[in-house]
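What follows is each chain in one-letter form.
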Amino acid sequence: MFTVMIVDDEPLICKGISAMIPWEELGAESAGLAENGAEALERIRKVNPDIIITDIRMPVMDGLELIAACSESSLKCHFILLTGYKEFEYAKKAMHYGVKQYILKPTDPNLLIKALREEISEVAAEQEAVSAREKMQRQFKKVATKAAEQYWYECLKFNRFFAAEFSCYVPVESQDHECVCVAMYIEEKAMYFEQFILKYLTYEVLGSLYRVFCVIMGNQMAVLVEHTPDREFLMALKQIKQLFNNYLGKHVMISISPRGTYRMMPRLYEKASAALNRNFWSASDEILLPGNSQKTHAAASSTVDLNQYKTQMAVSSVEVMEEVISASLAEIRDGGGTVEEGKQMIAGQGIKIELKEGIEEKLYIEVVCSADGDEATAIISGGHTNFVYAERN
């Protein structure tokens, strides 16, 4: 629906012009009446009409002054000028502002309707062009974002910085800005759509505040943020955690790297990711800040790769279960790992046990840590089995 405002210092003329317009036929509606340019300008700023029908000669502010004021304020309106014969030369000055429609008084209804149709057609064409341009910009932004995500995926995956393509994804003026990398992990085994939802929420919350790139790295998500941690930043991360938990009932672990620049991002991700691994299944739901992980190892090489234990969890009988868990926890401890890393290896696993009769029995494992964090207890239970194993760290 197109909107039309009528401006004339004679109220009866305003009402008469309004009565001439076949509003429904033109797909238009009234944006109100004004008695001078100053009153009209105030209303224009509030309702932003598409077309304004205005008289030339008015008190306070005349029609040309109104057109000039709209132009200076970047108010995009189409004008139809009502002018007397003696004012026509004066009215031509409006051509400087792109005004094309002039109607001599007394107003001919047919000429007025013809002028309105032409202006409505132009407004429609402009709106369609703007819509097409915005659509193209949205599509370009999506493609550019995907390309940037792939670039950063390669950087983080291979732990190196590809300088040749860097300027394609980060503006030159932003390349030395301070950044952090946020590592996120969804509890339990996350499905792809859950990672997608977390990615979407992160772009919605953080992307509205800072320059952000979200990159899915296996079971973690790396979030590259052109900003350094402050209260607003931490509140935004907590909002993401809360929203995700509300939607899917799962918790998200979050770790923030030390400060750096884009060129340091592979190393920053490595540090944030390592902090998550050291604090896996921590009882605390707080966001991990740099230097605030639960336990720091002497060297990065001492961090245990928990993936190597996955194959050990398939055992042939209940009798060897205690032996497998005991050996695994001891190996994690001797390799410099923590009780929490042992908990990660075991917690939430569903293990199929083949009994002698050939019947499969699924066991469920729950890991409980003592209050001081020095003892981990694995409670393994199934249809015919229930025993407890405790390993001191």
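Remember, predicted model here, so these are calculated numbers, not experimental data.

## Examining the packing of aromatic side chains
The description of two aromatic rings rests on the distance between their centres and on the angle between their planes.
Here comes step 1: All chains considered together, the criterion is met by eight aromatic pairs.
Here comes step 2: Arranged with centres 5.0 Å apart and planes meeting at 70°, the rings of Tyr151 and Trp152 form a pair that is edge-to-face.
Here comes step 3: Tyr151 sits in the buried class, given a relative accessible area of 3%.
Here comes step 4: Taking relative accessible area as the criterion, Trp152 reaches 0% and is therefore assigned buried.
Here comes step 5: Note on Trp152 and Phe166: the rings are 6.3 Å apart at their centroids and 85° apart in plane angle, and the pair reads as edge-to-face. With a gap of 14 residues between them, Trp152 in helix H6 (residues 109-157) and Phe166 in helix H7 (residues 163-169) connect regions that are remote in the sequence.

## Re empty space enclosed by the protein
Here comes step 1: One pass over the structure, following the stated rule, counts two cavities of 30 Å³ or more.
Here comes step 2: Around the second largest cavity, the lining residues are Met184, Tyr185, Ile186, Gln195, Leu198, Asn219, Gln220 and Met221.
Here comes step 3: Listed by contribution, the elements that provide at least two residues to the lining of the second largest cavity are strand S6 (180-186), helix H8 (192-205) and strand S8 (220-225).
Here comes step 4: Ranked by the residues each element gives to the lining of the second largest cavity, the list is headed by S6, at three residues.
Here comes step 5: Considered class by class, the residues forming the lining of the second largest cavity number five nonpolar, three polar and no charged.

## With respect to the packing of helix H3 (residues 37-47) against helix H4 (residues 63-72)
Here comes step 1: Between H3 and H4, the least distance of the axes is 9 Å, while the angle of their chain directions is 30°. With respect to each other, H3 and H4 are oriented roughly parallel. As for the relative orientation of H3 and H4, their crossing is right-handed in sense. For the pair H3 and H4, contact is made by Gly37, Ala40, Leu41 and Ile44 and by Leu66, Ala69 and Cys70, respectively.

## Structural notes on the nonpolar core
Here comes step 1: Trp152, Leu224, Tyr262 and Met265 are the most contacted members of the largest nonpolar core, which has 24 residues in total.
Here comes step 2: Broken down by secondary-structure element, the contributors of at least two residues to this core are H6, S6, strand S7 (212-217), S8 and helix H10 (265-278).
Here comes step 3: Setting aside residues no more than four positions away along its own chain, Leu224 makes contact with Trp152, Leu156, Val180, Cys181, Arg211, Val212, Phe213, Val215 and Met265.
Here comes step 4: In terms of nonpolar packing, the next biggest core, distinct from the first, is built from 23 residues, Val180, Leu201, Leu206 and Leu237 among them.

## Observations regarding the pattern of salt bridges
Here comes step 1: Counted under the stated rule, the structure contains 12 salt bridges.
Here comes step 2: Among the ionic pairs, Glu122 bridges to Lys100, the shortest N-O distance being 3.0 Å. Residue Glu122 is found in helix H6, and its partner Lys100 is found in the loop between helix H5 (88-91) and strand S5 (101-104); the two are separated by 22 residues along the sequence.
Here comes step 3: For Glu122, a relative accessible area of 28% translates into the label partly exposed.
Here comes step 4: Residue Lys100 is classed as exposed on the basis of its relative accessible area, which comes to 54%.
Here comes step 5: Notably, a salt bridge pairs Arg211 with Glu226, separated by 3.0 Å at the nearest N-O pair. Here Arg211 is found in the loop between H8 and S7, whereas its partner Glu226 is found in the loop between S8 and helix H9 (231-248), with 15 residues between them in sequence.

The rules we used
- In every chain, residue numbers begin from 1 and rise along the written sequence.
- Where totals are concerned, whole chains, interfaces and linings use all residues; where local detail is concerned, this predicted model gives features only for residues with pLDDT of at least 70, and gives and counts side-chain atom pairs only at 80 or more.
- Side-chain metrics rest on all non-hydrogen atoms present in the structure, leaving aside hydrogens and water.
- Pairing of aromatic rings covers Phe, Tyr and Trp, the last through its six-membered ring, and needs centres within 6.5 Å; plane angles under 30 degrees mean stacked, over 60 mean edge-to-face, and all others mean tilted.
- Partly exposed describes any residue whose relative accessible area lies between the buried limit of under 20% and the exposed limit of over 50%, with all areas from a 1.4 Å probe on protein chains only and scaled to the type maximum.
- Comment: elements are numbered from the N terminus, with helices defined as DSSP H or I runs of at least four residues and strands as E runs of at least two.
- Grid points spaced at 1 Å and placed over the protein atoms alone form the basis of the search, with a cavity being a set where a 1.4 Å probe fits but cannot get out and a pocket an open set showing protein on both sides within 12 Å along at least five of seven lines. Lining residues have an atom within 4 Å of a point.
- Grid points are joined across faces, edges and corners, and a volume is the space filled by probe spheres set on the points.
- Polarity classes work like this: nonpolar for Ala, Val, Leu, Ile, Met, Phe, Trp, Tyr, Cys and Pro, charged for Asp, Glu, Lys and Arg, and polar for all others, with Gly in that last group.
- Helix axes use the C-alpha atoms of the stretch in contact, all axes being lines fitted to C-alpha atoms, and the angles between their N-to-C directions lie in the range 0 to 180 degrees.
- When an angle is under 35 degrees it counts as roughly parallel; over 145 it counts as roughly antiparallel; between 65 and 115 it counts as roughly perpendicular; any other value is oblique.
- Two helices crossing with the near one rotated counterclockwise from the far one by less than a right angle form a left-handed crossing, whereas a clockwise rotation gives a right-handed crossing.
- The contact criterion used is simple: two residues touch if any of their non-hydrogen atoms lie within 4.5 Å.
- By nonpolar core is meant a set of buried Ala, Val, Leu, Ile, Met, Phe, Trp, Tyr and Cys residues that side-chain atoms within 4.5 Å join together.
- The term salt bridge refers to a pairing of a side-chain nitrogen on Lys or Arg with a carboxyl oxygen on Asp or Glu at a separation within 4 Å.

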